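Listed below, chain by chain, are the residues.
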Amino acid sequence: MIFKSENVIYFRIIFGNSQNIYFYQDNDDIFISNQLKNILSKKKQRWSLNRQAVNEFLDKGYIPSKKTLVNNIYKLPSKKYIEMDLKKQKARIKSDSNLKKIRKINVDKKNYNQTLMEICKSCEKEFDDNVAMTISSGFDTNYLLYSLHNISNKKIEAFCIGGKVGRNEIADAKKICSQYNNVDFYSKLVDENSLCKYPEIIWALEGAIYESGVFLQYELAKMINEHNIDNIILGECADQVLHYELYYKKIALLKKVKYNIYRNIIMKFKGIVCKPYRDIYNMASYKVIKKNGIMMNYFGIDPLYPYLRKKFIENARNIVKKGDIQKLYHKEVINYYLPESITRILKKIGGATELKTLFIGNIKLDDIKNICKRSEYYREKKFNDEFYEIDYFMKLLYIEIFRKIFMQGNIDKYVENRFLNYDLTYFFPELKKKIDGEFYK
């Protein structure tokens, strides 16, 4: 979109937007869009990767600043908003401090539960017919399901996804949903075929985020779209909102400094690369919301986040104690209100889809490594975690695919075809292997 007149101030919610907001200034024109590809396709010029941003992306899986993977195109960072003076053709990023404005209130089980019920009622009004939500075997989504069941007579469509190999919570989620008379349960497994969809996943995410769960989110959003769902209630970000480091900033900063000192020492003297520090606010804003929001929007679905509503965050701020990373009060309330037949099944299975489920087919991890080692961004490293090593190669592959899609002038072709037939082997023909006289597709 190109703005030509009047003043505009662009605000966003406490944890940022579910999509990135990109902007680019070219002489007297300001381009702003929630899709990077819109700007790249409107401005026909030679674009290049931002090397500093790429290195940060390879470390964290996201870029916690205004930078993007593309030189001279910027995004609205978290804790910021855009003020644009369009008479002077200038855009400025300004700081926001919504988290500092959280009220101090007394919270007990009754009003904690009542707040979530009211939030769920507000979300339920977004649905004309059936209510749709994602479900797992964990506490957070099942608290939402229980609340929705109590405040609404509508049919609830619950969607769950898991991995063909490794951890899987579909069975337990199905058991829980079967205890409600108004819930229809749908599920799907992520398998080796999801790996070949990586180019489309990157086309949708546009360099905003990588983490192992993007394959899960792609298949989940696709399944929900196939059921003609326009809105979906998600249980994401409860972990971050109910984590004490979000509110006790000095303690969080001290832990971050200590971890980074340890990380640098291990890297310098042993040559071992550790995962970056998991900043709680950034986890919510740059990873969780973006991963879900961008993918859902790609399939035409509007995500609703009950645990990110201001009233719930106010409650969370007033019940979370120093050192609490287990959501103790939250679980206490859930165990108090939900029936025992459900609470005895509840369990958290973090990262229910493991990356190894992608490599049970004809494309193996070594094939991906061979491609990545040709990248100009590849650096030989030793990792303290084998899963982080796999992540590293998947991020390198992400960058190489991003370059082929967005940097080589083919954007219009992909827009027109919506990525039909553009799988991983299209971008890397060497991954095709002869099987029974036919190429793997």
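Residues numbered from 1 in each chain as written. Predicted model: local features only at pLDDT ≥ 70, side-chain atom pairs only at ≥ 80, totals over all residues. Heavy atoms only, no water.

Undergrad: Break down the overall build of the protein for me, citing the residues and quoting the values.
TA: Regarding its fold elements, the protein presents 17 helices and 16 strands. For the protein, the proportion of its 441 residues judged to be buried stands at 56%. Considering only residue pairs separated by 6 or more positions, the protein has 75% of its internal contacts joining residues 24 or more positions apart. Here the protein has roughly 21,100 Å² of accessible surface; of this, 46% comes from carbon and sulfur atoms. (Helix = DSSP H or I, 4+ residues; strand = E, 2+ residues; numbered from the N terminus. Buried < 20%, exposed > 50% of the residue type's maximum accessible area, 1.4 Å probe, protein only. Contact = heavy atoms within 4.5 Å. Areas by Shrake-Rupley, 256 points an atom, 1.4 Å probe, with all protein chains shown as cover.)

Undergrad: Describe helix α4 (residues 139-151), naming the residues involved and giving the relevant values.
TA: Taking 1.5 Å of rise per residue, 13 residues should cover 18 Å, and α4 covers 19 Å from first to last C-alpha, within 8% of that figure. Of all the 13 residues making up α4, eleven are buried; the element is thus mostly covered by neighbouring parts of the structure. Of all the residues in α4, the buried ones are Phe-139, Asp-140, Thr-141, Asn-142, Tyr-143, Leu-144, Leu-145, Tyr-146, Ser-147, Leu-148 and Ile-151. (Expected span 1.5 Å × (residues − 1).)

Undergrad: Quick rundown of the side chain of Gln-217? Include the residues and the values.
TA: Topologically, Gln-217 is positioned in helix α7 (residues 214-226). Engagement of the side chain of Gln-217 in a polar contact is seen with the side chain of Asn-292, the distance being 3.1 Å. Once you skip the residues sitting within four places of it in the chain, Gln-217 turns out to touch Glu-236, Lys-291, Asn-292, Met-295 and Met-296. (Polar contact = N/O pair within 3.5 Å; in protein donor to acceptor, adjacent residues only side chain to side chain.)

Undergrad: Describe the packing of helix α3 (residues 109-124) against helix α11 (residues 310-319), naming the residues involved and giving the relevant values.
TA: Viewed as axis vectors pointing N to C, α3 and α11 meet at an angle of 160°, and their least axial separation amounts to 9 Å. Viewed along their axes, α3 and α11 adopt a mutual orientation that is roughly antiparallel. Crossing angle aside, the handedness with which α3 passes α11 is left-handed. Residues Asn-111, Tyr-112, Thr-115, Leu-116, Glu-118 and Ile-119 of α3 form the contact with α11, whose own contacting residues are Lys-311, Phe-312, Asn-315 and Ile-319. (Axes fitted to C-alpha atoms, helices over the stretch in contact; angles between N-to-C directions. Parallel < 35°, antiparallel > 145°, perpendicular 65-115°, else oblique. Left-handed = near helix turned anticlockwise from the far one by under 90°.)

Undergrad: So what's going on with the confidence of the model for the protein? Residues and values would help.
TA: Mean pLDDT over the protein stands at 88; residues scoring 70 or higher make up 88%. Ignoring residues within four places in sequence, the model shows residues 1-5, a span with pLDDT below 50, making 16 contacts including any to other chains. (pLDDT = per-residue confidence, 0-100.)

Undergrad: Describe in detail the pairing of strand β10 (residues 183-190), supporting the description with residues and values.
TA: Pairing between strand β9 (residues 156-163) and β10: eight bridges, direction parallel. Across the sheet, residue Ile-161 finds its bridge partner in β10, namely Lys-188. Between β9 and its parallel partner β10, the chain crosses via helix α5 (residues 170-177), and the hand of that crossover is right-handed. (Pairing = 2+ DSSP bridges. Right-handed = clockwise from strand over helix to strand, strands pointing away.)

Undergrad: Now, about the environment of Glu-389: what can you tell me, with residues and values included?
TA: Within the element layout of this structure, Glu-389 appears in helix α15 (residues 386-406). Considered as a pair, Glu-389 and Lys-275 are 114 residues apart in the sequence and their alpha carbons are 9.6 Å apart. Excluding residues that lie within four positions of it along the chain, Glu-389 makes contacts with Lys-369 and Phe-383.

Undergrad: How would you sum up unusual backbone geometry? Please name residues and give values.
TA: The backbone of Asn-72 shows a phi angle near 75°, a positive value even though the residue is not glycine. Along the chain, Asn-72 turns up in the loop between α2 (51-60) and β5 (74-75). Phi at Glu-206 takes a positive value of approximately 55°, unusual for a residue other than glycine. Relative to the helices and strands, Glu-206 resides in the loop between α6 (198-205) and α7. When its relative accessible area of 5% is taken as the criterion, Glu-206 is described as buried.

Undergrad: Go over the nonpolar core, please, and point to the residues and values.
TA: Judged by nonpolar contacts, the single largest core of 141 residues is most densely connected at Tyr-198, Met-394 and Leu-424. Element by element, the count of residues in this core is highest for α15, at 13 residues. Those residues in contact with Leu-424 that lie beyond four places of it in its chain are Leu-195, Cys-196, Tyr-198, Pro-199, Ile-363, Ile-368, Leu-397, Ile-401 and Leu-431. (Core = buried A, V, L, I, M, F, W, Y, C linked by side-chain atoms within 4.5 Å.)

Undergrad: A description of the pairing of strand β4 (residues 29-33) should follow, citing residues and the corresponding values.
TA: A large share of β4 lies buried, amounting to five of its five residues. The alternating pattern of β4 places Asp-29, Phe-31 and Ser-33 and Ile-30 and Ile-32 on opposite faces, both of which are buried. Here five bridges tie strand β3 (residues 22-26) to β4, and the two strands are oriented antiparallel to one another. Residue Phe-23 lies in a different strand from β4, and its bridge partner there is Ile-32.

Undergrad: Can you lay out a nonpolar patch on the surface for me, pointing to particular residues and giving the numbers?
TA: Together, Leu-253, Val-257, Ile-261, Ile-265 and Phe-269 line one region of the surface with nonpolar side chains, adding up to about 510 Å² of accessible area. Here Ile-261 is to be found in helix α9 (residues 249-270). Taking relative accessible area as the criterion, Ile-261 reaches 47% and is therefore assigned partly exposed. (Patch = residues over 30% accessible without salt bridge, like charges linked within 9 Å, V, L, I, M, F, W, Y side chains within 5 Å. Salt bridge = Lys/Arg side-chain N within 4 Å of Asp/Glu carboxyl O.)

Undergrad: Any details on the side chain of Asp-140? Residues and values, ideally.
TA: Along the polypeptide, Asp-140 turns up in helix α4. A relative accessible area of 10% means that Asp-140 is categorised as buried. At 2.7 Å, the side chain of Asp-140 and the side chain of Lys-327 are in polar contact. With sequence-adjacent residues up to four places away left out, Asp-140 is seen in contact with Gly-235, Ala-238, Asp-239, Tyr-307, Lys-327 and His-330.

Undergrad: Describe the packing of α6 against α7, and please don't skip the residues or the numbers.
TA: Interhelical geometry of α6 versus α7 gives an angle of 85° and a closest axis separation of 10 Å. Looking at the two axes, α6 sits roughly perpendicular to α7. Contacts from Tyr-198, Glu-200, Ile-201 and Leu-205 in α6 reach Val-214, Phe-215 and Tyr-218 in α7. Its residues assigned to classes, the contact of α6 with α7 shows six nonpolar, no polar and one charged. (Nonpolar A, V, L, I, M, F, W, Y, C, P; charged D, E, K, R; others polar.)

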